[in-house]
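Okay, here's what each chain looks like letter by letter:
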Amino acid sequence: MALRPVQVNIKAVDAPAVGRFWAEALGWSAFSPGVTTYAGPAGGRVWPEPVGLGIDVVPVPHPKTPTKNRLHLDLATTSTAHQAELVARLRSLGATPADVGQGDVPWTVLADPEGNEFCVLEPREIYRDTGPIAAVVVDCVDPRAMARFWTGVTGWTLRELTPDQASLRSAEGVGPYLEFLRVPAPKTTPDRVHLDLLPYPAYDRTAEVDRLRALGATDLDLGQGDVPWTCLSDPEGHEFCVLATPPPLS
């Protein structure tokens, strides 16, 4: 049994604008099937994406606080020239430099137009085949425990484990990585960015949610009311949702 990560959910005051930013940033298209704005590969909307993750931007009334998100995206590049070109293009689209205490590093930290942090990585061989999103990165106190929980959630393969970092990838070796980086402080506030997951067709959603609770997930009340998805948090409090059915395509 397993759940597939299908999209990164980003909260924004101006969801259409932030959705367009991410679509243009990744060379994708933006779709508005309902109240949200979805960014996915160009060529017509397919959901869920056969490989990789989409980005679903959800409207909310309040802007992001100065607190750094506990989950962010790392973008892949193929050369130092590509990295510089991508950073310049992102700046022209409305991204701004972000200081999260990174110091002198070979990657560039930026924020989208509503302040959600992300990184443009220097070229790395490990990310040569991930597509434009190299990794979904989660700050956590205990990478080992997070890797154990999320391996159980997704069925993905553990690719790296050190005291400070753990990384997972789909068993097929396609799409972005899911990475956990050690930070000293625990999570204390709700995040603007989280993962949405979907059961594979052969699995029942209710049974999968019960399985996640047995793994250590807890129910989460975000004021969502009566909705067809289930909001949960992992053992360190990172929010995520288990979706019920594919959304409409138009």
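Small disclaimer: the values here were computed from a predicted structure and weren't measured.

Visitor: Where do I start with the pairing of strand β11 (residues 165-169) in this structure?
Guide: Moving residue by residue along a regular strand, the side chains alternate between the two faces of the sheet. Taking burial as the measure, the 5 residues of β11 include 4 buried ones, the bulk of the element. Strand direction decides the pairing type here: strand β10 (residues 157-161) and β11, joined by 4 bridges, are antiparallel. Along β11, the bridge assignment pairs Thr157 with Arg169.

Visitor: Looking at this model, I keep getting lost on the nonpolar core. Mind explaining?
Guide: Generally speaking, a soluble globular protein has its nonpolar side chains buried in company with each other. Ranked by internal contacts, the top residues of the largest apolar core, which has 49 residues, are Val8, Trp22, Ile55, Leu90, Phe118 and Trp150. Per element, the largest residue contribution to this core is 7 residues, and it comes from helix α1 (residues 15-26). With residues near it in sequence (within four places) discarded, Phe118 still touches Phe21, Trp22, His72, Leu73, Leu75, Leu90, Ala95, Thr108, Val109, Leu110, Ala111 and Asp112. Judged by nonpolar contacts, the second largest core, of 11 residues, contains Ala98, Ala111, Tyr127 and Tyr177.

Visitor: Help me understand the sheet that holds strand β14 (residues 218-219) in this model?
Guide: Backbone hydrogen bonds are what pair the strands of a sheet, in a parallel or an antiparallel way. Read across the open sheet, the 8 strands follow the order β2-β3-β4-β1-β13-β16-β15-β14; overall the sheet is mixed. The open sheet has two free edges, formed respectively by β2 (29-31) and β14, since each of these has just one partner strand. Judged from the 2 bridges that link them, β14 and strand β15 (residues 230-233) form a sheet pairing that is antiparallel. If you follow Asp219 over to β15, its bridge partner there is Leu232. Along the sheet face, helix α3 (residues 143-154) touches β1 (3-12), β13 (193-199) and β16 (239-242) and points at about 35° away from the line of β13.

Basis of the calculations
Residues numbered from 1 in each chain as written. Predicted model: local features only at pLDDT ≥ 70, side-chain atom pairs only at ≥ 80, totals over all residues. Heavy atoms only, no water. Buried < 20%, exposed > 50% of the residue type's maximum accessible area, 1.4 Å probe, protein only. Helix = DSSP H or I, 4+ residues; strand = E, 2+ residues; numbered from the N terminus. Pairing = 2+ DSSP bridges. Core = buried A, V, L, I, M, F, W, Y, C linked by side-chain atoms within 4.5 Å. Contact = heavy atoms within 4.5 Å. Axes fitted to C-alpha atoms, helices over the stretch in contact; angles between N-to-C directions.

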